[in-house]
Each structure stands twice: as structure tokens, then as C-alpha cells.
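Each chain, written out:
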Amino acid sequence: MEKQLYFDIEDAPSFDEDNFIISSSNQNASNYIYKWPNWASNCVVLFGEGGVGKSHLANIWHNKANAFKVSLENIDFKEVQKRKNILIDDFELYSSKYNDLFHIINLINEINGYLLMTSKVSPVGLITGIKDLDSRLRNATPIKIDRPDDFLLETIVIKLFSDKRILIDDRVIKYILKRSSRSASELIKLVNIINNKSMEQKRAITVPLVREVFSDIGH
């Protein structure tokens, strides 16, 4: 019988540099982020579907560049000017703040700073409704993280459980990957469902429990 120790704790994901796994799907993006400050432009947009590691890689740059992380909901322009290197996560979600984003990009240009933004969509095809901002985004350097390969998918599953303080059996990992979609965002949802069922029923995360989860969600 498999034994597992559980903690009913919802931890924030670990964005430590040592925990970022490089594979064929993120190698180019990783190489470019690590090239800083030797970037082609001072505005870079790191994009890809949910869960592929954009925020993780962006936070590695955040630490290396001593950057200031900005939420478009609440912007301190004085701090932006003071810190120069700026990180904005999921900028495309804040359409009501696009005018402020335009001013941040201009300010970064004026003070010769660097701006790294993450997004689920390519900046090239994004229409903001502000012509000058669209132009700025098209001039930014787009860096894509592709959908994860097999190696990275396995690593994602291990990390998702690890972030919840759960050591997962290799047989369970293989079972999950054999039957799940190849979407990182779907894997995130699936791991949460599995963990919730495990906690609710006070059962270890085993192949039978995961099989029940797949049955529950119609797989």
C-alpha cells in the first residue's frame, strides 16, 4: 500500500531559479531572458498559454535585475522611475489600464530602463484600442514559451504537487500524463481537483483515486 503524508496547506508556487526546468519548449525563451541586459529592445513580452512557466521565468529575471513588480491596478509611477527595471504579469487582462501601460512604456524608454511583461497572447495581434500603444507593443520583442514537451509535463505535475507539499508516486504521475490533455493549464486544474478529492475523502493520492477523478470529470 502506498503511504503519503499530507498537509492541508495551500502554498504559493515556488519561483526559485533552481526549480525552473529547461526543456525544448522553453529553451529559447530561457536563453533570451538570461541574455539580459543584452536585449534587442528594452521592452520584452514573454507569452504562452497558462501554466507553461511565464511567471516563473519572469520572476527569475525580476530577481536578477532587481526589478519592481507592478500591478496595473495600482501603479506607483515614482517607484517605476526610481527602480527602472519593471515586471508586469498578465498585462493583457487589464484593458481598463492600457492608458497607464502606455505611459509606463514611454517612461521606461525615457529613463533607459527595461520592461518585461507576461501575457497569454502575442503582443503582435493584440488590439488595445490605443493606436500608439499598439505600435509600442508591436515594437516590443515577443518571446514565446511553447506548449510543454513530455519531459516538462512530468516536471510540471511533480512541481504542482510539490507546491502543495505532496510527494507523488511515479505510477500516479504516469497515469495522469497518459490520460490528461497536453495543456499545462488543464494539468493545473486537474491537480487541484485530485488534491481536493484526496483531502475531502482523507485518502492518499493513488492510481485508484485519480481514476475516480477522471471518471468524475468525464475522461
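Residues numbered from 1 in each chain as written. Predicted model: local features only at pLDDT ≥ 70, side-chain atom pairs only at ≥ 80, totals over all residues. Heavy atoms only, no water.

Enquirer: Which residues make up the environment of Met 117, and what values do they have?
Expert: Within the secondary structure, Met 117 sits in strand 4 (residues 114–119). Discounting residues that sit within four places of it in the chain, Met 117 has contacts with Cys 43, Val 44, Val 45, Leu 46, Ile 88, Phe 91, Leu 101, Ile 105 and Leu 137. (Helix = DSSP H or I, 4+ residues; strand = E, 2+ residues; numbered from the N terminus. Contact = heavy atoms within 4.5 Å.)

Enquirer: How would you summarise helix 7 (residues 170–179) if you had to cite specific residues and measurements?
Expert: Those residues of helix 7 not exposed but buried are Val 172, Ile 173, Tyr 175 and Ile 176. For helix 7, the arc enclosing every buried residue in end-on projection is 165°, short of the 170-degree limit, so these residues lie on one face. In this structure, helix 7 carries Arg 171 and Lys 178 as exposed residues pointing more than 90 degrees from its buried face. In this structure Asp 169 caps helix 7, since a side-chain oxygen of it lies 2.8 Å from the backbone nitrogen of Arg 171. (Buried < 20%, exposed > 50% of the residue type's maximum accessible area, 1.4 Å probe, protein only. Arc of directions from axis to C-beta. Polar contact = N/O pair within 3.5 Å; in protein donor to acceptor, adjacent residues only side chain to side chain.)

Enquirer: Give a detailed account of the sheet that holds strand 1 (residues 43–47), specifying residues and quantitative values.
Expert: The strands making up a sheet associate through hydrogen bonds between their backbones, and the pairing can be parallel or antiparallel. Overall, parallel pairing links the five strands, which are arranged 2-3-4-1-5 in an open sheet. What marks the edges here is a single partner per strand, and that holds for strand 2 (68–69) and strand 5 (141–144). Where strand 1 and strand 4 come together, five bridges link them in parallel fashion. Bridge assignment links Cys 43 to a residue of strand 4, and that residue is Leu 115. Packed onto the sheet, helix 1 (residues 27–34) meets strand 1, strand 4 and strand 5 and runs at close to 135° relative to strand 5. (Pairing = 2+ DSSP bridges. Axes fitted to C-alpha atoms, helices over the stretch in contact; angles between N-to-C directions.)

Enquirer: Describe the packing of aromatic side chains, with residues and values.
Expert: Inspection of every chain in the model, using the stated rule, returns six aromatic pairs. A centroid spacing of 6.0 Å and a plane angle of 20° characterise the contact between Tyr 32 and Trp 39, whose relative ring orientation is stacked. As far as burial versus exposure is concerned, Tyr 32 and Trp 39 are alike and both buried. Considering the side-chain rings of Trp 36 and Tyr 114, the 5.7 Å spacing of their centres and the 80° angle between planes classify their relative orientation as edge-to-face. Of this pair, Trp 36 sits in the loop between helix 1 and strand 1 while Tyr 114 is found in strand 4, placing the two residues 78 residues apart along the sequence. Counting every residue linked through ring pairs, the aromatic cluster contains Tyr 32, Trp 36, Trp 39, Trp 61 and Tyr 114. (Phe/Tyr/Trp six-rings, centres within 6.5 Å; stacked < 30°, edge-to-face > 60°.)

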